[in-house]
Every structure is written in C-alpha cells, then in structure tokens.
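Spelled out from the first residue to the last, the chains are:
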Amino acid sequence: MPFITLSDGSQKFYKDWGIGRPVVLSHGWPLNADAWENQAVALASAGFRVIAHDRRGHGRSTQTWDGNHMDQYADDLAELLDQLDLTDAVLVGHSTGGGEVARFLGRHGSARVRKAVLLGAVPPLMLRTEANPEGTPLEAFDGIRAGVATDRSQFYYELSEAFYGYNRPGAAVSEGKRREFWLQGMQAGLKNALDCVEAFSETDFTEDLKKIDIPVLVAHGDDDQIVPIAASAQKAVKLLPQGTLKIYAGAPHGLTGAFEAEFTKDLVAFVAS
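Residues take numbers from 1 onward in each chain, read along the sequence in its written order. Totals for whole chains, interfaces and linings use every residue, but because this is a predicted model, local features are given only for residues with pLDDT of at least 70 and side-chain atom pairs only at 80 or more, for both listing and counting. The basis for every side-chain value is the complete set of non-hydrogen atoms in the structure, without hydrogens or water.

(A) Up close: the packing of helix 4 (residues 138–163) against helix 6 (residues 190–202). Where helices are involved, their axes are fitted lines through C-alpha atoms of the stretch in contact, as for all axes, and angles between N-to-C directions lie from 0 to 180°. Secondary structure elements are defined from DSSP: runs of H or I of at least 4 residues count as helices, runs of E of at least 2 residues count as strands, and each element is numbered from the N terminus. Axis separation between helix 4 and helix 6 bottoms out at 10 Å; the angle between their running directions is 155°. For the element pair helix 4 / helix 6, the angle class is roughly antiparallel. Here the hand of the crossing between helix 4 and helix 6 comes out right-handed. Counting all contacts with helix 4, which are made through Leu138, Phe141, Ile144, Arg145, Val148, Ala149, Arg152 and Tyr156, the residues of helix 6 involved are Leu190, Ala193, Leu194, Val197, Glu198, Phe200, Ser201 and Glu202. Throughout this description, any angle smaller than 35 degrees is read as roughly parallel, any larger than 145 degrees as roughly antiparallel, any in the 65 to 115 degree range as roughly perpendicular, and the remainder as oblique. Handedness of a helix crossing follows the sense of rotation of the near helix relative to the far helix, less than a right angle counterclockwise being left-handed and clockwise being right-handed. Contact between two residues is taken to exist if any of their heavy atoms lie within 4.5 Å; hydrogens are not considered.

(B) Spatial organisation of empty space enclosed by the protein. Only protein atoms enter the 1 Å grid used here, on which a cavity is any set of points holding a 1.4 Å probe that cannot leave and a pocket is any open set flanked by protein within 12 Å on both sides along at least five of seven lines; residues with an atom within 4 Å of a point are listed as lining. Grid points are joined across faces, edges and corners, and a volume is the space filled by probe spheres set on the points. With the rule as written, the count across this model stands at two cavities of 30 Å³ or more. Considering the residues around the largest cavity, the lining is formed by 19 residues, among which Ala35, Gln39, His94, Gly254 and Leu255 are closest to the centre. Residue assignment for the lining of the largest cavity shows that the elements contributing at least two residues are helix 5 (175–186) and helix 9 (257–272). In terms of residue count, helix 5 provides more of the lining of the largest cavity than any other element does, four residues in total. Note that Gly is not counted as nonpolar here; it falls among the polar residues with everything else outside the nonpolar set of Ala, Val, Leu, Ile, Met, Phe, Trp, Tyr, Cys and Pro and the charged set of Asp, Glu, Lys and Arg. When grouped by side-chain class, the residues that make up the lining of the largest cavity number nine nonpolar, seven polar and three charged. By volume, the second largest cavity is sized at about 40 Å³. Lining the second largest cavity, in full, are Leu118, Ala121, Pro123, Val218, Ala219, His220, Ser232, Ala233 and Ala236. No other element matches the three residues that strand 7 (residues 216–221) contributes to the lining of the second largest cavity.

(C) Representation of unusual backbone geometry. For the bond running from tryptophan 29 to proline 30, omega is -5°, close enough to zero to count as cis. Along the polypeptide, proline 30 turns up in the loop between strand 3 (22–26) and helix 1 (37–45). Here proline 123 and proline 124 are connected by a cis peptide whose omega angle stands at 5°. Positionally, proline 124 belongs in the loop between strand 6 (113–119) and helix 4. In this structure, aspartate 88 is a non-glycine residue whose phi angle is positive, near 55°. Tracing the chain through its elements places aspartate 88 in the loop between helix 2 (70–83) and strand 5 (89–94).

(D) Looking closely at the nonpolar core. Working definition of a nonpolar core: buried Ala, Val, Leu, Ile, Met, Phe, Trp, Tyr and Cys residues. They are joined through side-chain atoms within 4.5 Å. Whether a residue is buried, partly exposed or exposed follows from its accessible area with a 1.4 Å probe, protein chains only, as a fraction of its type maximum: under 20%, in between, or over 50%, in that order. Core analysis: the largest hydrophobic core is formed by 56 residues, its most contacted members being Trp29, Leu91, Phe104 and Leu105. Contributions of two or more residues to this core are made by helix 2, helix 3 (96–108), strand 6, helix 4, helix 6, strand 7 and helix 8 (233–239). For leucine 105, the residues in contact, after removing those within four places along its chain, are Leu91, Ser110, Val113, Ala116, Ile212 and Ile214. Of all hydrophobic cores here, the second largest spans 23 residues; its members include Trp36, Ala40, Phe263 and Val271.

(E) Representation of the pairing of strand 4 (residues 49–53) within the structure. Of all five residues making up strand 4, four are buried, and the element is well covered by its neighbours. By the bridge criterion, five bridges tie strand 3 to strand 4 in an arrangement that is parallel. Among the inter-strand pairings, proline 22 is bridged to a residue of strand 4, identified as arginine 49. If you view a crossover with the strands going away from you and the path from the first strand over the helix to the second runs clockwise, you call it right-handed. Taken together, strand 3, helix 1 and strand 4 constitute a β-α-β crossover, and its handedness is right-handed. Here, a strand pair is defined by DSSP locating no fewer than two bridges between the strands.

(F) Inspection of the sheet that holds strand 8 (residues 243–248) at higher detail. One open sheet accounts for eight strands, arranged 1-2-4-3-5-6-7-8; its pairing is mixed. With one partner strand each, in any of the chains shown, strand 1 (3–5) and strand 8 form the two edges of the open sheet. Adjacent strand axes in the sheet meet at a mean angle of 20°, parallel and antiparallel pairs treated alike. With four bridges joining them, strand 3 and strand 5 adopt parallel strand pairing. Each residue of the ladder has a partner; that of valine 23, found in strand 5, is valine 90. Against the sheet, helix 2 touches strand 1, strand 2 (11–17), strand 3, strand 4, strand 5 and strand 6, its axis set at about 110° to strand 1. The strands that helix 9 touches are strand 3, strand 5, strand 6, strand 7 and strand 8; relative to strand 6, the one it contacts most, it runs at about 165°.

What is shown is where atoms sit, not what they do.
Printed below as a string of structure tokens:
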C-alpha cells in the first residue's frame, strides 16, 4: 500500500487509481479514504487519476499525538500534491475534508489546482457565534466529544443514523452502511478524533474562501442534519469568487442511493468540464 512520509516523519496513506488529470479526495470525520470508493471507481473509469488519502490520525495514516488541526491537515495535503507532483488537479472535500481543501487553497494557493468541489462541507464556520447565529451551539460539539470519549463504538453507530438520514420517515435503512461508518470511525485514533472535532467545528474559513481563485462547486443536501446548509453552503458560495451552488433536495449529510448516484454523475461532469 502506498504511503508518503511527511515532514514530521509520520506516514500518510493514499490510494492511487487510474491515469489522467488528477482528482484528490479528502474525506469527512471520522472516516477515511474508503468513504470515496464509489466516486473513485466512477472517476477512474471516466479517465481520471484518483488519489484518495487518509488524514493523519485516521484510517491507515499515522496516529500522531500533535498536528490534529486544519493548518496541519492543509500542509499534509500540500505535501501529498508536492511529493506526487500533481498539477492541474481537482480537489474534492466532504465535510471536514471540505474544510481541509478550503484551508489548503487559502494557505498554499491554487498553482497545482484547476478547480475544487466542496460536498456537505463545514466552511465557512460551523460554530454558533454572535456573528454566525445560524451555526451549531458549542454544547452540541461538547456532546460529540463526550460521546467519543465515553463509548466511541456505540456513539459512531448511533451517529450513522442522522449522518445518512436514516432517522427520516420512509428512509431505507442500510445496516451494512451503518456498519461501514462504524468500522471506518473505529480506525481513527481516539486522540485524533477528539482533536478533529475542534478542528472542523471551530475553524473559521471565511478568509480562505475569499482567496480561492478557481471555480468551486458547492454541493449540499438541504436535509443535512450534521452540517446544516444555512450555516455552510449557502454562506460559502457567497464568499467564493467563482462559486456555484448545487442543492440536493431532501439529501442528508452522507449520500447514499439515488442521492449519491446524482452527486457522482455531477462530480464526473464537473471534473471533465
């Protein structure tokens, strides 16, 4: 399995499928590169090179004690692009991965990047503040930390219900999908998962979004219970100089079934355009 060695000596795992223009996939919390399998197959089959990586502390990457914050995540992504010498790339980030992509572009620029996709992404700021009244209260994130610290196995399983919208009337509950979410979550280090809650919830990406000088597709479900659209996509697209918003009516945070199929089709078309 391929790894790169980061500047602090830690190992970063990545998958490298196909040939063509590179598409780099950044996953959400507490998942890993495996969350992108369907999109990776579709993109590689359409003639693109797909690199899906595990964030530090998640999946098969080193569970570092330090560095579990957005600046380091962005710097790790920069090292991945540099070491693989990727150019004309498309960056795609889901949820926390969308924050990673935004911080990378704000911190490192777009010299290696052609366009980007933010799916169910956390920018500009998840946390409720006086300036961001649409955000989520701090108590909700404290509850996530308490759940992970107390019994992360049960917490991840229960979280999968709202993550995929299985708590909505008429939703088709896939036990396999819930177990997949649990499995990926359990592969993340406990310290890394706890630190990452602060990273995705309290990082303000406003200035990063303003700096992004490439086309960005902002894709979001309007029934997202994890990253509500009013505090995220609807604000982010107004800050992006070249942002386009695509709303998936009724879609949850984690896309499955028809919602996933529609997004994957849109993703391949956006990358190819």
